[in-house]
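Okay, here's what each chain looks like letter by letter:
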Amino acid sequence: MTTQTLDRSAAATDGPSPGTPLVTGLGVTAPNGLGTEAWWAATLRGESGIRPVTRFDAGQYPARLAGEVPGFDPAEHVSSRLLPQTDHMTRLALAAAAEALSDAGIDASELPDFSAGVVTAASAGGFEFGQRELQALWSKGGHHVSAYQSFAWFYAVNTGQISIRHGLRGPSGVLVTEQAGGLDAVAQARRQLRKGVPVLLTGGVDSSLCPWGWAAHLAGGELSTIDDATRAYLPFSADASGHVAGEGGALLVLEDAAAARARGVHGYGTVAGYAATFDPPRGKGAPRLGAAAELALADAGLAAADVDVVFADAAGRRDADRAEADALAALFGPRGVPVTAPKTMTGRLAAGGASLDLAAALLALRDQVIPPTVNVTEAAADCPVDLVTGEARPAALRTALVLARGRGGFNAAMVVRAAD
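Residues numbered from 1 in each chain as written. Predicted model: local features only at pLDDT ≥ 70, side-chain atom pairs only at ≥ 80, totals over all residues. Heavy atoms only, no water.

## Digging into the packing of helix α9 (residues 289–300) against helix α10 (residues 318–332)
Here's step 1: Contact pair α9 / α10: the axes reach a minimum separation of 8 Å and the direction vectors enclose 40°. Taken together, the axes of α9 and α10 are oblique relative to one another. Considering only the axes of α9 and α10, their crossing is right-handed. Each of Leu289, Gly290, Ala293, Glu294 and Leu297 in α9 lies in contact with α10, whose residues at this interface are Glu324, Ala327 and Leu331.
Here's step 2: Here the contact of α9 with α10 is composed, by residue class, of five nonpolar, one polar and two charged. (Axes fitted to C-alpha atoms, helices over the stretch in contact; angles between N-to-C directions. Helix = DSSP H or I, 4+ residues; strand = E, 2+ residues; numbered from the N terminus. Parallel < 35°, antiparallel > 145°, perpendicular 65-115°, else oblique. Left-handed = near helix turned anticlockwise from the far one by under 90°. Contact = heavy atoms within 4.5 Å. Nonpolar A, V, L, I, M, F, W, Y, C, P; charged D, E, K, R; others polar.)

## A few points about the packing of aromatic side chains
Here's step 1: Counted under the stated rule, the structure contains eight aromatic pairs.
Here's step 2: A centroid spacing of 5.9 Å and a plane angle of 80° characterise the contact between Phe56 and Tyr61, whose relative ring orientation is edge-to-face. Comparing Phe56 with Tyr61 shows no difference in burial state: the two are buried.
Here's step 3: On the basis of an interplanar angle of 65° and a centroid distance of 5.7 Å, the ring pair of Phe56 and Trp214 is categorised as edge-to-face. Within this pair, whereas Phe56 is found in the loop between β5 (50–52) and β6 (65–67), its partner Trp214 is found in helix α7 (residues 211–219), the two being separated by 158 residues in sequence.
Here's step 4: What links up through ring pairs into an aromatic cluster is the set Phe56, Tyr61 and Trp214.
Here's step 5: Geometry around Phe114 places Arg169 over its ring, the cationic atom sitting 4.8 Å from the centre. (Phe/Tyr/Trp six-rings, centres within 6.5 Å; stacked < 30°, edge-to-face > 60°. Buried < 20%, exposed > 50% of the residue type's maximum accessible area, 1.4 Å probe, protein only. Lys NZ or Arg CZ within 6 Å of the ring centre and 35° of its normal.)

## Description of the pattern of salt bridges
Here's step 1: Applying the stated criterion across every chain yields a total of 19 salt bridges.
Here's step 2: With a closest N to O distance of 2.7 Å, Asp299 and Arg190 form a salt bridge. Placement of the pair is Asp299 in helix α9 and Arg190 in helix α6 (residues 181–194), with a sequence separation of 109 residues. Across this residue pair, the class does not change: Asp299 and Arg190 are buried.
Here's step 3: A salt bridge links Arg263 to Glu255; its shortest N-O distance comes to 2.6 Å. (Salt bridge = Lys/Arg side-chain N within 4 Å of Asp/Glu carboxyl O.)

Encoded structure:
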């Protein structure tokens, strides 16, 4: 297993595919629902999971809202042996992994050795575990620091623990590109699939809702300090004031479409195209999110007119929202395609956010419906997008574009198509 980063000095796309990557399983842990179908039903109803922080006392901080996964009892998902070894983030990831494999109908114990790998995304690692060990170090001394700290904090820990639990010993890795990571990880899994690895478990699950993690969120200067959960995170709105942090994400099972269908699995949809770009340092060039979208469509062999819905990055900051809206208008025309941001119900989930959007896009294709962007009544005049607000919008959907931007200049775009 290796820690990998993408070379984004220029735009990156994947080459021709010997097989079609099909998503055959989904596993979700999200602030508005634990488990895929519970989360999706809540999302279509427009139910938000953004509430006052309960995982620690946030009263002393300027930002006090978060998206926390509800009703998660780690003892129901993680063995008693693993509990003292794992951060909350990893426990969420293990739950999502088990659901995704079960959903795909895969019994890992029946797979040949080295035939299945794990590629996940990370942003901060096990912050809560690390905070606890630092407190023990300074209050009690080094002999009170757990030996598990050596790996429980690490970016690759979710990949490692999932691999060990399910015996997935094929090519594996981790991508560290913040919010863009959920798409970058799936793209890396697609590359491994094209090299002949039959099964990949991929995506991102993240959590850093603890005082140490909260200090990092606040230092970024992008959290909303509004206490009203219906007004704190309003992407594309004239009243946008930042975002709300959240935890959770989604893991997906990726298989070759022909092999999956040979075993009677129809799947949710195919990963048709992907691209990544990197923004230059502030003030030294234009944002390149639009270029990533264009290149992902080219990788899929599609035109802008083929896209039926866009799942936006939706930063919740006026400048970033305008930049994304301008990129979409340049590609599709002003208000030329429906745009949605269901992350308004969860907050931005760091490395878990884009993979959760990818799961939403696949389920939207399955059910022919676009989930809403809650709390936003209409897009601002300087954000010319056809924003789906109020309630879910039925639509004929064949192709979805998912966009993500990670702190530091990372951009990613992925095209998914409905399963035939």
